[in-house]
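The lines below spell out each chain.
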Amino acid sequence: MEKDIFHRPAVSGILEPKYVEARLHMADFEHPAVVERTTKLQDELAGARATPNYLIVDPTTLRILGRFEGPDIPPFGDGTRFAEFLRRALP
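Worth saying up front: this structure is predicted, and the values here are computed from it rather than measured.

What counts as what
Residues numbered from 1 in each chain as written. Predicted model: local features only at pLDDT ≥ 70, side-chain atom pairs only at ≥ 80, totals over all residues. Heavy atoms only, no water. Axes fitted to C-alpha atoms, helices over the stretch in contact; angles between N-to-C directions. Helix = DSSP H or I, 4+ residues; strand = E, 2+ residues; numbered from the N terminus. Parallel < 35°, antiparallel > 145°, perpendicular 65-115°, else oblique. Left-handed = near helix turned anticlockwise from the far one by under 90°. Contact = heavy atoms within 4.5 Å.

For the rest of this paragraph, the subject is the packing of helix α1 (residues 9–18) against helix α3 (residues 80–89). Closest axis-to-axis distance for the α1/α3 pair is 9 Å, and the angle between their directions is 25 degrees. Here α3 runs roughly parallel to α1, going by the angle between their axes. Crossing hand, α1 versus α3: left-handed. Counted together, Ala 10, Val 11, Ile 14 and Leu 15 of α1 and Phe 82, Ala 83, Leu 86 and Arg 87 of α3 form the full contact between these two elements.

The structure is reproduced here in structure tokens:
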């Protein structure tokens, strides 16, 4: 999604002016403390460990305003569902 859908005008036109990106990555398997903390955050925020899992979180209240699970890339989608998800979560 990050290499394709996020760069499509229908999606980037919503993301760039309205959202700040933050990511949790599980790439540092050599450091158990990092994995433990990342897993804990994933459980607390997303309530799931499946990836990809996109959340829109209010930065003031930390309330989850929207959730999108799974990809929206070919052959399953073209970014339309993800763009609609972003629009619905806007205040």
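Past the structure itself, the notes keep going.
On to the side chain of Gln 42. Note that Gln 42 resides in helix α2 (residues 32–46). Not counting residues up to four positions away in its chain, the partners in contact with Gln 42 are Leu 24, Gly 47, Ala 48, Arg 49, Ala 50 and Thr 51.

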